[in-house]
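Residues per chain are reported as follows:
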Amino acid sequence: MSGPYETVIGLEVHAQLRTRTKMFCGCSTGFGAAPNTQTCPVCQGNPGSLPVINKRAIEFGIRTALALGCTVNLQNRFARKHYFYPDMPKNYQISQYEEPLAEHGTLEVAAGGAPRVIGIQRLHLEEDVGKLVHEGEFATARASHVDYNRAGVPLMEIVSKPDLRSPEEAGAYLRALRAIVVYLGVCDGNMEEGSLRCDANVSLRIAGSDVLGTKVEIKNLNSFRHVQHALEYEVKRQAQALDVGERLTQETRLWDPERGRTVAMRSKEFAHDYRYFPEPDLPPLDLAATEVERLRGDLPELPAAKRVRFVQAYGLSPHEAELLGQGRGLADYFEAAARESGKPKAVANWVLNELLRELPGDDDAAVAACPITPSRLAGLLALIDDGTISGKIAKDVFEKMFRSGEDARAIVGREGLTQVADTDTLAGVVDQVLAQHAKVVEDWRNGKKAALGFLVGQVMKSTQGKANPAVVNQLLGEKLPKV
Ligand SMILES: [Zn+2]
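Remember, predicted model here, so these are calculated numbers, not experimental data. (Residues numbered from 1 in each chain as written. Predicted model: local features only at pLDDT ≥ 70, side-chain atom pairs only at ≥ 80, totals over all residues. Heavy atoms only, no water.)

K.L.:
Residue-level account of the coordination of the zinc ion, with values.
P.N.:
Surrounding the zinc ion are the protein donor atoms Cys-25 (SG), Cys-27 (SG), Cys-40 (SG) and Cys-43 (SG), which sit 2.2 to 2.4 Å from the metal. Of note is the zinc ion, whose 4 donor atoms meet at the metal with angles of 100 to 114 degrees in an arrangement that counts as tetrahedral. Each donor residue of the zinc ion lies on one chain, and together they are spaced C-x1-C-x12-C-x2-C. Placement of Cys-27 in the loop between β1 (5-16) and α1 (55-67) and of Cys-43 in the loop between β1 and α1 is noted, with a sequence separation of 16 residues between them. In this structure Cys-43 comes out as buried when scored by relative accessible area, which is 8%. (Donors = N, O, S within 2.8 Å, 3.2 Å for Na, K, Ca; no water. Tetrahedral: all angles 85-135°; square planar, octahedral: opposite > 155°, others 65-115°. Helix = DSSP H or I, 4+ residues; strand = E, 2+ residues; numbered from the N terminus. Buried < 20%, exposed > 50% of the residue type's maximum accessible area, 1.4 Å probe, protein only.)

Listed below in structure tokens is the structure:
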């Protein structure tokens, strides 16, 4: 970016709530069912059908609002948001407008530099709309079908203030928000399945100015990568336009990941007038303050607090704490293994370097299905600790544990992997290696220090990695000068 501009970004994040049933009816919210098998007159918008508020969705919304430090509006209500779209037969969506569930929260975000507090403007609930399925390409489709399975699925919309100052910061905000809703168990955070998606508002202004520039909205970003790339592209596009004195249009754009650019979708001049009015079929919500306080008391320890505790209590680096604290499943796994083994630092290493490489993902389900339980990992570390196996052998044992679900001791016993620390046995191997590598010994004598490492490696190799490296080093130290 060439001009002295400041980037101003605000995000609207839609999170699908993990309720079993839809926002206003009893239909299932399960993903991937055959089209239109999870619908009823209410979510299809048939005349005469009446919506009923899903209490669990309200509770999930309140829990999230409290975790984000929002004020919960004890009195709030649903409104009709009118617009025409073929996947929405009622021609309105039930959402919240003037009286949202919660407002005025904050989320602390760290992206490279010092942490910054990003304002949360509001949090409200609404229903999702249906999905259009086109036969072939959209423009030339022979036919289009509507699947109402998704219509009526409960969504929570979290709107940030325009406090984000860079695409990286927007990405960090989205990650932090995802971690919170996943921790709370209110959203599965699965971006591929659309459980979490976001719209981004971005504008540039002359650095130091209070006046906001012309805002562009990028719709429906469904991965961290897309959010960041779309924003990077858009910041550059707007800066180039401003540099040459071009006037930007307030418009809605879409991200085209294949071509790596945003494309205009509609101009705000044709923006919808939503004609909001209070939903007449639903009573205003009157929440009890005691109930809200009960939910506050039930909040789990949140990712930010957990990160701080991991650094203080276990001596982890902030980076390790961040990685281990992302998901509740992984954090619990780490703590259980650290407690049992008494070696938090080593456990962190094994989890981050070995376990995450083997697991198909770092989500709670993947961690829960892991064949190496925290207690088995602690068992493996105990074998390294008491000298039964070397760190190198331990990595092989770890892999075998993962495949077979056995514990470390059983594998080590069966495969005879116990470390050889016996000086007499190893002395013979060391002599042999020294005899076979006279040239290397000469290099060592001429001051080439790396030669020692090679000789240690040769001893390890001829013992299939079972030699105790400390004993090998000691023996070589004694024998080398005498060769
Ligand atoms: Zn329904």
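K.L.:
Which residues make up the state of the cysteines, and what values do they have?
P.N.:
Under the criterion given, the structure shown has 0 disulfides. Lacking any disulfide linkage, Cys-198 is separated from the closest cysteine sulfur, that of Cys-187, by 13 Å. (Disulfide = S-S within 2.5 Å.)

K.L.:
Residues and numbers for the sheet that holds strand β5 (residues 92-95), please.
P.N.:
Taken together, the 3 strands give an open sheet; going across it, the order is β5-β4-β15, and neighbouring strands pair in antiparallel fashion. The strands lining the two open edges of the sheet, one partner per strand, are β5 and β15 (277-278). Examined bridge by bridge, strand β4 (residues 79-82) and β15 share 2 bridges and lie antiparallel to one another. Within β15, the position partnered with Arg-80 by the bridge is Phe-277. (Pairing = 2+ DSSP bridges.)

K.L.:
Could you give me a rundown of the nonpolar core, with the residues and numbers involved?
P.N.:
Counting residues in each nonpolar core, the largest one holds 70 residues, and the members touching the most others are Leu-11, Ile-58, Ile-62, Leu-68, Phe-78, Met-156 and Tyr-173. The biggest single contributor to this core is helix α2 (residues 167-184), with 9 residues. Setting aside its immediate chain neighbours within four residues, Met-156 contacts Val-13, His-14, Ala-15, Leu-17, Phe-60, Gly-61, Thr-64, Leu-123, His-124, Leu-125, Val-181 and Val-186. One finds Leu-316, Met-401, Ala-408 and Ile-411 within the second-largest nonpolar core, a separate group that totals 37 residues. (Core = buried A, V, L, I, M, F, W, Y, C linked by side-chain atoms within 4.5 Å. Contact = heavy atoms within 4.5 Å.)

K.L.:
Lay out the packing of aromatic side chains with the relevant residues and their values.
P.N.:
By the definition in use, this model includes 9 aromatic pairs. Measuring from centroid to centroid gives 5.4 Å for Phe-24 and Phe-78, while their planes differ by 85 degrees, and the two rings are edge-to-face. Residue Phe-24 is located in the loop between β1 and α1, and its partner Phe-78 is located in the loop between β3 (75-76) and β4; the two are separated by 54 residues in the primary sequence. Note on Phe-24: relative accessible area 3%, which makes it buried. Look at Phe-78 and you get buried, because its relative accessible area is 2%. Residues Trp-350 and Phe-398 carry aromatic rings whose centres are separated by 5.5 Å and whose planes lie at 45 degrees to one another, so their mutual orientation is tilted. (Phe/Tyr/Trp six-rings, centres within 6.5 Å; stacked < 30°, edge-to-face > 60°.)

K.L.:
How would you explain the side chain of Arg-63 if you had to name every residue and give the values?
P.N.:
Among the secondary structure elements, Arg-63 is positioned in helix α1. Buried Arg-63, no salt bridge; nearest opposite-charge side chain is Glu-59, N-O distance 4.9 Å. What Arg-63 contacts, discounting residues up to four positions off in sequence, is Leu-184, Val-186, Leu-295, Asp-298, Leu-299 and Pro-300. (Lys, Arg positive; Asp, Glu negative; His and termini not counted. Salt bridge = Lys/Arg side-chain N within 4 Å of Asp/Glu carboxyl O.)

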